Amino acid sequence: MMRCCGLLTAQNEPVPLKSIEVELEVRDHVATVVSTLNYKNKENKPLEAVFVFPLPGDAAVCHFSAKIGQTQIVAEVKEKQKAREEYDDALSCGQQAFLLEESDQSPDIFSLSVGSLPPRESASIRLEYVTELAVQADDGLRFCLPAVLNPRYQLRGSFSLSLLPRHLLIGSLLSVGLVPYSLSFSARVSSPRPISKVESNCSLDPLQYLNTDQTQATVNLAAGHKFDRDVELLIYYKDANQPTAVVEAGQASAEPGSLMGDPVVMVSLYPEFPQSVMSSVASCGEFVFLMDRSGSMSNTRIRSAKDTLLLLLKSLPMGCYFNIYSFGSSYEHIFLKSVEYSQQTMKEALKKVEQMQANLGGTEILEPLKHIYSQPFIPNQPRQLFVFTDGEVRNTKEVIDLVKNNSDSHRCFSFGIGEGASSALINGMAKEGGGHAQFITGTDRMQAKVMQSLRFALQPVVVDISVTWDLPKEMSVTVLSPQITALFQGQRSLIYAQLTGQSSEAAEGCVTVKYSLAGHPSENQLHFSLRPAEDTGLTVHRLGARTLIRSLEMEEREHRGQQGGGVKEKVVQLSVQSGVSSSFTAFIAVNKDNSEVIQGPLVRRNIPTAMIQSPPVVKSFLSNGRARPPGRLEAVSLCCINVANDSKQ
C-alpha cells in the first residue's frame, strides 16, 4: 500500500496549507492584521482546500486576495448566496475560485475555500482585518490572534446537516500541537506615547525600539512556535488611557455624502467619575453566577473557572445577595433563590463550588439564562450576572439577543475561560448586557481581572447617557455607533461618527457625554481637531462600517419575518460599499484570466485546525452538505464533525 509523503492530516491525507505568516501593525489602540496563507498542491489531482478558522468576533475583515504564480486576484464583496453560486459555477467550469465567508451562527468563525488548485501548483492567500484592542485591568491593551478553534456544541434534537452552516463543518480537527503547518508572527507598534513594554503568553524575541523617544517598536514571535494556543500580546504605553479623537479623510473615489466618501471620526473616552460620588455609594446587589460545566470545560478550564468564582465569592460585600447556577445539557442552582451573603452562606457555597466538575454534558446556556431572568427582583439590590464559559455554543446570536432583551433588568459580566474561548459570545454578552468582558487563559493577572469586574459591578448603574456634538455650522454628524448604554470608571468608550460638510483645517469639534451617577449629573468633554490624521488609510472607516453593520444585523434578527424592513438589504449595500464582510455577504474571487480548464476529479481537503479536545465519545462522518452543480467536476468530500466534545446526543 502506497503512503502519502509530506504534510498529512490525522486521516493520512495530504495537507495543502504549508504555512501562515501574520503581520500585525498596532497604532495606539487599533490593530491591522495581515495574514498570508501559503498553499501547495503536491498531489496529482486538482484540489479544493477548505480551512475553517477563528478570528476576533469584532474584527472588520476588509481585504481578501489570491496570488497564483504571477497572477493576482483581488476578491469582491457580494451578497453571500450570489458569491456561493459564483464559486460553485467557477469550479464546475474548471476555473480557479476562492471564497471567504463568515459563519451564519457566529461572527468569529470563518471558512476559506480554495477551489480548483491544479496539481503541483502553489497559491498564496492574503487576508486583512482591523480591530480595536481591549483595555485590561492593568491598563495594558490586549491583542489576541486566535489559533485554537473549539468545536461548537450542537443543541440536542437539532443535529442535522441542513442546520449546519454551509462549509462550516469542522473537518479533520487535530488535538492541540499537531497542526502540520507553521506560523510566523511579527508586530510593529506605534503610538503618540512611549511604549513601556510588550508581553505575551508565547515566547517573543526582544522588543526593538525604532526611535529614541520609544514611540515605535517591533517584536517577533520566537522561532519554533507550535501554533498550539492563542497568541496574546499585551501592549503598555506610558500615560495610557487618555481621551483621543482621530479624524480620517474619506476615500477620494467614493461618492461625497456616503460613509466611505465623508470623513469619519473615532472618539475614545475614558470617563472619570467624581470621587465624592464614588466614595458615598453603598455596596449592594444581587450577584448571580452562571458556571459552564459542559464536557468541553474539563481539566484546566473547570479549575480556572472555579478559581475565578471562588475569588469573587470571597470578595463580595456583606449584606448583598447571591446564588450560583451551573449548566450543561441541564442546569442546577445551589440555593432555591438568591440568599443574603454571610459567613454561613459563603461557606456553604464555597464547599459546593469546590465539588463542581465538568460533567453536565452539552453547552445549553439559553434555558438557565431564561430561568434567571424569570426570577423576581430583590428590592434595592440591582442584579449583576456573572457568566463563566468557554463559549462553545452554536447559537451565539440567539444567546446575545436574549441578554439584550433583558438588559434593562441586569448587567452581564462575562468571563471567557481557556484557549479558544468564543470572543463573539463573551464580548457580545457583556456589550449587550451593559457589563464588561474578561478572558482568563491562565493564572496570570486573573486576580486583577476578577477584581476589576467586581468593582464595575459594585459601581452604580450610569443612567440618562447622552452624546452631543458641537461642530462648525457647515458640518453635520451621523453617529455610526449604537447608543452608549454603560459607562465604567476609567474604562474606554468608543464612538464612531460620519462627518458631512466642509471645514477649515484649523477648525475644531467637541463631543460631550452627559450622564447621571447615583442621582448626580456629570459630563465629560473632549475638544478635537477636524484636520484628518495622516497615514491611517481607511482603518477608521472600516471600523465604523463594522460597528454599523453589527447593529443593523441585530436589528434584522429582531424584526425578521416582518414586512418592509429592508434591513438585510442595507447591510449588504453597506458591506459592499465599505468592503467589510458581514453575515449576509462573502468575499469571492475567480481567476478568469486562466484559459486552461482544470481537468480531472476535484478532491476536497479539509485543513486541520488546532483544537482543545476532551475525550471523544462519538464522531460522525458527514458529507459537506453542498450540492455541486452538474458538470465535469465532482467533489470528493469527507468531513469529520466532532459532536462528542460535549457528549450530548
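A quick note: this is a predicted structure, and the numbers were derived from the prediction, not measured. Going along each chain's sequence as written, the residues are numbered from 1 onward. The predicted origin of the model limits local features to residues at a pLDDT of at least 70 and limits the giving and counting of side-chain atom pairs to 80 or more, whereas totals for whole chains, interfaces and linings rest on all residues. Derived side-chain values reflect all non-hydrogen atoms in the structure, with water molecules and hydrogen atoms excluded from consideration.

Chemist: Tell me about the overall build of the chain, residues and numbers included.
Modeler: By definition, any uninterrupted DSSP run of H or I lasting at least four residues is a helix, any uninterrupted run of E lasting at least two residues is a strand, and each is numbered from the N terminus. Along the chain, the regular secondary structure elements total 10 helices and 36 strands. Only protein chains enter the accessibility calculation, which uses a 1.4 Å probe. A residue is then buried if its area is under 20% of the maximum for its type, exposed if over 50%, and partly exposed in between. Expressed as a percentage of its 649 residues, the buried residues of the chain come to 59%. Considering only contacts in the chain between residues 6 or more positions apart, those separated by 24 or more positions represent 75%. The accessible surface values rely on the Shrake-Rupley method and a 1.4 Å probe; as for residues, cover is taken only from the protein chains in view. With an accessible surface of roughly 26,700 Å², the chain has 49% of that area assigned to carbon and sulfur atoms. Contacts between residues were defined by any pair of non-hydrogen atoms, one from each residue, lying within 4.5 Å.

Chemist: Please set out the sheet that holds strand E1 (residues 17–27) residue by residue, giving values where relevant.
Modeler: Pairing between the strands of a sheet comes from backbone hydrogen bonds, and it takes one of two forms, parallel or antiparallel. For two strands to be treated as a pair, DSSP must find at least two bridges joining them. Pairing within the open sheet is mixed, and its eight strands lie in the order E5-E4-E9-E2-E1-E13-E16-E15. Each end of this open sheet is capped by a strand with a single partner; those strands are strand E5 (71–74) and strand E15 (208–209). Bridging between E1 and strand E2 (residues 30–40) involves 10 bridges; their strand directions are antiparallel. Looking at the pairing, Val26 lines up with Ala31 of E2.

Chemist: With reference to specific residues and values, describe the nonpolar core.
Modeler: Across soluble globular proteins, nonpolar side chains show a tendency to be buried alongside one another. Put simply, a nonpolar core is a bunch of buried Ala, Val, Leu, Ile, Met, Phe, Trp, Tyr and Cys residues held in one set by side-chain atoms that sit within 4.5 Å of each other. By size, the foremost hydrophobic cluster in this structure holds 54 residues, and its most contacted members are Tyr39, Leu112 and Phe143. Looking at which element gives the most residues to this core, the answer is E1, with five residues. Non-local contacts of Leu112, meaning those with residues more than four positions away in its chain, are made with Leu37, Tyr39, Ala49, Val50, Phe51, Phe53, Phe64, Leu99, Leu100 and Ile125. Counting 36 residues, the second-largest nonpolar core is a separate cluster that includes Phe289, Ile334, Leu350 and Leu454.

Chemist: Any details on the pattern of salt bridges? Residues and values, ideally.
Modeler: For this analysis, a salt bridge means a side-chain nitrogen from Lys or Arg found within 4 Å of a carboxyl oxygen belonging to Asp or Glu. On inspection of all chains with the given rule, the structure shows 19 salt bridges. We note a salt bridge from Asp104 to Lys80, for which the minimum N-O separation is 2.8 Å. Of this pair, Asp104 sits in the loop between strand E7 (96–102) and strand E8 (109–117) while Lys80 sits in helix H1 (residues 80–92), and the two are 24 residues apart along the sequence. Classification of Asp104 by relative accessible area gives partly exposed; the value is 31%. Ionic pairing is found between Glu102 and Arg550, a salt bridge with its closest N-O pair at 3.3 Å. Of the two residues, Glu102 is situated in strand E7 and Arg550 in helix H9 (residues 539–558); the sequence distance between them amounts to 448 residues. In terms of burial, Glu102 and Arg550 fall into one category: buried.

Chemist: Tell me what's going on with the state of the cysteines, and back it up with residues and numbers.
Modeler: Note that a disulfide, as used here, is simply two cysteine sulfur atoms within 2.5 Å. The final tally for this structure, using the stated rule, is zero disulfides. This cysteine, Cys284, is not joined by any disulfide, and Cys320 carries the nearest cysteine sulfur, 8.8 Å off.

Chemist: Requested: an account of the pairing of strand E11 (residues 141–145), with residues and values cited.
Modeler: Most of E11 sits out of view: five of its five residues are buried. Where burial is concerned, the two faces of E11 agree: the one with Leu141, Phe143 and Leu145 and the one with Arg142 and Cys144 are both buried. Alignment of strand E10 (residues 134–135) against E11, held across two bridges, turns out to be antiparallel. Its bridge partner being in E11, Val135 is matched across the sheet by Leu141. Connecting E10 to the antiparallel partner E11 that follows it, the hairpin turn spans five residues, and Asp139 within it adopts a positive phi of roughly 75°. Across five bridges, E11 lies against strand E17 (residues 231–237) in antiparallel orientation. Across the sheet, the residue bridging to Leu141 is Ile235, located in E17.

Chemist: Any details on unusual backbone geometry? Residues and values, ideally.
Modeler: Positive phi outside glycine occurs at Ser116, with the angle close to 60°. Non-glycine residue Asp239 carries a positive phi angle of around 55°. Tracing the sequence through the fold places Asp239 in the loop between E17 and strand E18 (244–248).

Chemist: Hey, could you go over the sheet that holds strand E30 (residues 508–517) for me, with residue numbers and the actual values?
Modeler: The sheet built from three strands is open, its strands ordered E27-E30-E31 with antiparallel pairing. A single partner strand is all that each edge strand has here, and the edge strands are strand E27 (462–470) and strand E31 (520–529). For this sheet the average axis-to-axis angle between neighbouring strands, irrespective of direction, equals 15°. Two strands pair when backbone bridges link them, and E30 and E31 are joined in this way by 10 bridges, in the antiparallel orientation. Along E31, the bridge assignment pairs Val511 with Leu526. Axis geometry follows a simple rule: fit a line to the C-alpha atoms, using only the stretch in contact for helices, then measure angles between N-to-C directions, giving values from 0 to 180 degrees.

Chemist: So what's going on with the packing of helix H6 (residues 396–405) against H9? Which residues, and what values?
Modeler: In contact at an axis separation of 11 Å, H6 and H9 are set at 85° when each is read in the N-to-C sense. Classified by the interaxial angle, the pair formed by H6 and H9 is roughly perpendicular. Here H6 contributes Lys397, Ile400, Asp401 and Lys404 to the contact with H9, which in turn contributes Met554, Arg557 and Glu558. In terms of residue class, the contact of H6 with H9 is made up of two nonpolar, no polar and five charged. Here roughly perpendicular refers to angles of 65 to 115 degrees, roughly parallel to angles under 35, roughly antiparallel to angles over 145, and oblique to all remaining angles. Asp, Glu, Lys and Arg are counted as charged, while Ala, Val, Leu, Ile, Met, Phe, Trp, Tyr, Cys and Pro are counted as nonpolar; the rest, among them Gly, fall into the polar class.

Chemist: Before we move on, can you summarise the environment of Ala217 with the specific residues and values?
Modeler: You can see Ala217 is positioned in strand E16 (residues 216–220). Once the C-alpha coordinates of Ala217 and Lys197 are considered, the two residues, 20 residues apart in sequence, prove to be 9.6 Å apart.

Chemist: Quick one: what's the story with helix H8 (residues 446–458), residue by residue and with numbers?
Modeler: Take the residue count of a helix, subtract one, and multiply by 1.5 Å to get its expected span. Between its terminal C-alpha atoms H8 stretches 18 Å, which fits the 18 Å expected from 13 residues at 1.5 Å a residue. Along H8, the positions that sit buried rather than exposed are Met446, Lys449, Val450, Gln452, Ser453, Leu454, Phe456 and Ala457. Those residues of H8 hidden inside the fold are in contact with strand E20 (286–292), helix H3 (300–315), strand E24 (383–389), strand E25 (411–417) and strand E26 (437–440).

Chemist: Could you give me a rundown of the side chain of Thr363, with the residues and numbers involved?
Modeler: Within the fold, Thr363 resides in the loop between helix H4 (343–354) and helix H5 (366–374). Note on Thr363: relative accessible area 1%, which makes it buried. Of the polar contacts made by the side chain of Thr363, one reaches the side chain of Ser294; its length is 3.1 Å. Any pair of N or O atoms that falls within 3.5 Å is considered a polar contact. Within protein, one atom must be able to donate a hydrogen and the other to accept it, and sequence-neighbouring residues count only if both atoms are side-chain atoms.

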